[in-house]
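# Secondary and tertiary structure notes
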Amino acid sequence: KRLVVLVSGSGTNLQALLDEIDALGVEAYGARVVAVGADRTGIEGLARAERAGIPTFVCKVKDHGSREDWDAALTGAVAAYEPDLVVSAGFMKIVGKEFLARFGGRFVNTHPALLPSFPGAHGVRDALAYGARVTGCTVHFVDDGVDTGPIIAQGAVEVRDEDDESALHERIKEVERRLLVEVVGRLARNGYRIEGRKVVIQ
Ligand code: GRF
């Protein structure tokens, strides 16, 4: 299976996928990353792809006259690589109608909180501020809401009294990387069905 991974930052989730594919081999893992896309330049996520010899592309919102134009450009850039699955690994933009029309049902996101709690761009900070004793991460299919699509898998992470946002986020990311690698591999190898809010992996 062909994966396109979308990033906006350090790309440690992307790196976890690349390392697993290197370790197992494409055949055993069931997928390979054919391109990495971003909404901005100068990020470690793109550097990781370049080091791995993987094609990259950047679609900046401000390079387009409207959000719809950006969405169309991103859709075209991803479609050019004919992905079976698109993985948002820390991609910090909300995609639009055209992208979802094209890739809905095969577009997976990872979020650093236990959805439906703490959706949005500050899930770790919000869980900490709320005083949650357990938080975690969620891998889900993207729908037309923000972090509201059908949940595939979740991992729990306890919050410690001494945690600040970055310490907690780092601990969440340790679980998140493993969860994402495991889920993407199973989706690619086994195939899946989405039945309402349920995801059934064969
Ligand atoms: C991940 O925790 C992701 O869930 C969140 O931002 C982080 C991205 O980390 N949206 P990285 O870029 O994969 O290192």
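Note that the structure is a prediction, hence the values are computed from the model and not measured. (Residues numbered from 1 in each chain as written. Predicted model: local features only at pLDDT ≥ 70, side-chain atom pairs only at ≥ 80, totals over all residues. Heavy atoms only, no water.)

## As for the site of the ligand
Taken together, 14 residues surround the ligand, and among them Ser-10, Gly-11, Thr-12, His-169 and Glu-176 come closest. Between the ligand and Ser-10, the relevant distance is 2.5 Å, taken from an oxygen atom to a side-chain nitrogen or oxygen of the residue. Out of a free accessible area of 370 Å², the ligand has 90% covered by protein chains. With respect to the pocket detection grid, the ligand is positioned in the largest pocket. Taken together, the elements giving at least two residues each to the shell around the ligand come down to α1 (12-24), β5 (107-111) and α7 (165-190). Among the elements that line the shell around the ligand, the one with the most residues is α7, at three residues. Residue classes in the shell around the ligand are distributed as three nonpolar, nine polar and two charged. (Near = heavy atom within 4 Å. Polar contact = N/O pair within 3.5 Å; in protein donor to acceptor, adjacent residues only side chain to side chain. Areas by Shrake-Rupley, 256 points an atom, 1.4 Å probe, with all protein chains shown as cover. 1 Å grid on protein atoms, 1.4 Å probe; cavity = no way out; pocket = protein on both sides within 12 Å on 5 of 7 lines; lining within 4 Å. Sits in = over half its atoms within 2 Å of the grid points. Helix = DSSP H or I, 4+ residues; strand = E, 2+ residues; numbered from the N terminus. Nonpolar A, V, L, I, M, F, W, Y, C, P; charged D, E, K, R; others polar.)

## Observations concerning the sheet that holds strand β2 (residues 32-38)
Hydrogen bonds along the backbone pair up the strands of a sheet, which may run parallel or antiparallel. Taken in spatial order, the seven strands line up as β3-β2-β1-β4-β5-β6-β7 in an open sheet, and their pairing is mixed. On the outer flanks of this sheet lie β3 (56-58) and β7 (151-158), each paired with one strand and no other. Put simply, the sheet's adjacent strands are angled 20° from each other on average, direction ignored. In this sheet, β7 lies alongside strand β6 (residues 134-141) in antiparallel orientation, the contact comprising seven bridges. Counterpart to Thr-138 in the pairing with β7 is Gln-154. With respect to the sheet, α7 is in contact with β1 (2-7), β4 (85-88), β5, β6 and β7, its orientation differing from that of β7 by roughly 155°. (Pairing = 2+ DSSP bridges. Axes fitted to C-alpha atoms, helices over the stretch in contact; angles between N-to-C directions. Contact = heavy atoms within 4.5 Å.)

## Some words on unusual backbone geometry
Along the chain, Leu-115 connects to Pro-116 via a cis peptide bond; the corresponding omega equals 10°. Relative to the helices and strands, Pro-116 is located in the loop between β5 and α6 (123-130). Positive phi outside glycine occurs at Asp-147, with the angle close to 60°. Mapped onto the elements, Asp-147 comes out in the loop between β6 and β7.

## Focus: the packing of α1 against helix α3 (residues 44-51)
Look at α1 against α3: their axes get within 9 Å of each other, and the N-to-C directions meet at 20°. Taken together, the axes of α1 and α3 are roughly parallel relative to one another. Here α1 runs over α3; the crossing is right-handed. Across from Thr-12, Leu-14, Gln-15 and Leu-18 in α1, the residues of α3 making contact are Gly-45, Arg-48 and Ala-49. Residues of the contact of α1 with α3, tallied by class, amount to three nonpolar, three polar and one charged. (Parallel < 35°, antiparallel > 145°, perpendicular 65-115°, else oblique. Left-handed = near helix turned anticlockwise from the far one by under 90°.)

## What about the layout of surface pockets?
Computed from the structure, the largest pocket encloses a volume of approximately 740 Å³. The set of elements that each furnish at least two residues to the lining of the largest pocket consists of α1, β5, α6 and α7. A class-by-class count of the residues in the lining of the largest pocket yields twelve nonpolar, 18 polar and seven charged. (Points joined across faces, edges and corners; volume = space filled by probe spheres on them.)

## What about the nonpolar core?
A general feature of soluble globular proteins is that nonpolar side chains tend to end up buried together. Ranked by size, the top nonpolar core spans 41 residues in total, and within it Val-5, Leu-17, Val-33, Val-36, Ile-152 and Leu-187 carry the most contacts. A per-element tally of this core places α7 first, with ten residues. With 19 residues, the next largest nonpolar core counts Leu-6, Ala-77, Phe-91 and Phe-107 among its residues. (Core = buried A, V, L, I, M, F, W, Y, C linked by side-chain atoms within 4.5 Å. Buried < 20%, exposed > 50% of the residue type's maximum accessible area, 1.4 Å probe, protein only.)

## Digging into α3
Taken residue by residue, α3 has Gly-45, Leu-46, Ala-47, Arg-48 and Ala-49 as its buried positions. Immediately beyond the C-terminal end of α3, within one or two residues, lies Gly-53, with a positive phi of roughly 70°.

## A short note on the UniProt feature "active site" (unreviewed entry) in the protein chain
In the UniProt entry, the feature "active site" (unreviewed entry) is given for His-111. Position of His-111 among the secondary structure elements: in strand β5. His-111 has contacts with Phe-118, Pro-119, Gly-120, Gly-123, Gly-136, Cys-137, Thr-138, His-140, Asp-147 and Glu-176, leaving out every residue within four places of it along the chain. There is a polar contact of 2.7 Å between the side chain of His-111 and the backbone oxygen of Phe-118. (UniProt positions renumbered as here; feature names shortened; annotations may be inferred.)

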